[in-house]
Amino acid sequence: MSSSPPETTPTGPPKTADELREAFLAYFEDHDHLRMPSASLIPAADPTLLLMNSGMAQFKPYFSGEKKPPHPRVTTSQKCFRAVDIEEGGDDTHLTMFEMLGNFSFGNYFKKEACAWALELLTDGFGFDPERLYYTVYTTDDEAAQIWLDLGIPPERIYRFGDEDNWWGPAGNEGVCGPSSEISYYRGSLDDVPAADDPVRNGEWGPNYHEDFVELYNLVFTQFYRDLDGNDTVLPAKNIDTGLGLERTLAVLQDVSNVYETDAFRPIIARVEQLSGKEWGGDEDADRAIRIVAEHARSASFLIGDGVIPGNTGRGYVLRRLIRRGMLFGRELGMDTPMLSAVARTVADHIGHVYPELKGNHDFIKDVLKQEEMNFSRTLEFGASVLA
Ligand code: GLY
């Protein structure tokens, strides 16, 4: 008997940034999550947070029980900015602005479902080799460790860490927080994996220890409210807050060594190459400068698109540092004309279909960048003339 063709052709794992975002959001929609839009990078009604730093930040009142969510399960792709990462911008994995995919439960499902879905999505959905996935749990979280074991994860791929690595939150000076479980991907050779009882696993080899591991998915078991004095009280309900870094995950999916080689960045890198006349992939210093110009132009575009303008305090100062750092690296590439403003068009063209404010506010973004670039150029030239 001949079998009829399947109604839909299986498409396999996602291959591009757009496919990855869609695959994540659609997976959780299929598990009864409400897809919600990214919030602005400027936190609304949260004076304790400078810039949106996580997917959960817009949902703080839902987690704390202060407000009722539109649905007990939500999924988003959230624009995030981490000012602490400015000086690391340009390395393989740290971005100042990144997209964080997240699934959230407000007093609904908890650890078991969050872990099972994360595993299914990474392996069946994204096609990641299960042998390459490693898990961390909070030192005392036997329950999470047991859940991973029950899901078939061998004990030697489950590591335990304390507050620094396996506790998340609050976002800002107060808010909800809890122990977490992270899933990392091992990018090294499977032939180099030490035996299960090798002591190198205790402090040298494994997630958080070794550079061959990239942290992808953070599952936070949000159970506490931390006040401004650092006191934790137990929340009325147990919640789930997760974050999967889109660009990092894409680098693994596309089997490239860093986020700048993914399709999330290639067109922006190409524009910096074109403007500077320098080619990516040749000289290490030039590569770093190209990455930083691309990254900072992208981040600055997002910040300005959400209404941040350069200033000497708060988020305005974050933006000013970003623009100035981008310009200084641009100068290393021989670009002394406004460059970030020229890259902003490519950023809008490339990702404006996901974040339409980049297109709608493009003229504003370009003008703010250009003005700041011209002001800083004058400052640099004045400084050089005084020193001459
Ligand atoms: N809120 C979870 C994370 O940002 O990793």
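What counts and what doesn't
Residues numbered from 1 in each chain as written. Predicted model: local features only at pLDDT ≥ 70, side-chain atom pairs only at ≥ 80, totals over all residues. Heavy atoms only, no water. Helix = DSSP H or I, 4+ residues; strand = E, 2+ residues; numbered from the N terminus. Buried < 20%, exposed > 50% of the residue type's maximum accessible area, 1.4 Å probe, protein only. Polar contact = N/O pair within 3.5 Å; in protein donor to acceptor, adjacent residues only side chain to side chain. Contact = heavy atoms within 4.5 Å. Near = heavy atom within 4 Å. Areas by Shrake-Rupley, 256 points an atom, 1.4 Å probe, with all protein chains shown as cover. Nonpolar A, V, L, I, M, F, W, Y, C, P; charged D, E, K, R; others polar. pLDDT = per-residue confidence, 0-100. Arc of directions from axis to C-beta. Patch = residues over 30% accessible without salt bridge, like charges linked within 9 Å, V, L, I, M, F, W, Y side chains within 5 Å. Salt bridge = Lys/Arg side-chain N within 4 Å of Asp/Glu carboxyl O. Lys, Arg positive; Asp, Glu negative; His and termini not counted. Charge placed at Lys NZ, Arg CZ, Asp CG, Glu CD.

A. Spatial organisation of the side chain of Lys 111. Residue placement: Lys 111 occurs in helix H3 (residues 111–125). The class of Lys 111 is buried, set by a relative accessible area of 4%. A distance of 3.0 Å separates the side chain of Lys 111 from the side chain of Glu 143, its partner in a polar contact. Apart from the residues lying within four places of it in its own chain, the contact partners of Lys 111 are Asp 141, Glu 143, Ala 144, Ile 147, Phe 221, Gln 223 and Ile 240.

B. Up close: the site of the ligand. Taken together, Ser 54, Met 56, Arg 82, Met 100, Trp 168, Asn 218, Val 220 and Asp 241 are the residues near the ligand. Here an oxygen atom of the ligand sits 3.5 Å away from a polar atom, N or O, in the side chain of Trp 168. The contact in question runs from an oxygen atom of the ligand to an N or O atom on the side chain of Asn 218, over 3.0 Å. For the ligand, whose free accessible area comes to 190 Å², the fraction covered by protein is 95%. By residue class, the composition of the shell around the ligand is four nonpolar, two polar and two charged.

C. Region of the structure containing the confidence of the model for the protein. When pLDDT is averaged across the protein, the result is 94; 96% of the residues are at 70 or more. Counting interchain partners and residues more than four positions distant, the pLDDT-below-50 stretch residues 1–6 has zero contacts.

D. Helix H4 (residues 142–150), seen in detail. Burial in H4 covers these residues: Ala 144, Ala 145, Ile 147 and Trp 148. Down the axis of H4, the sector holding all buried residues measures 160°, keeping them to one side. Once H4 finishes, Gly 152 follows within two positions and takes phi at roughly 100°, a positive value.

E. A negative patch on the surface, seen in detail. Together, Asp 283, Glu 284, Asp 285 and Glu 332 line one region of the surface with negative charge. The residue Asp 285 is located in helix H8 (residues 284–305) in this model. Of the residues examined, Asp 285 reaches a relative accessible area of 55% and is grouped as exposed.

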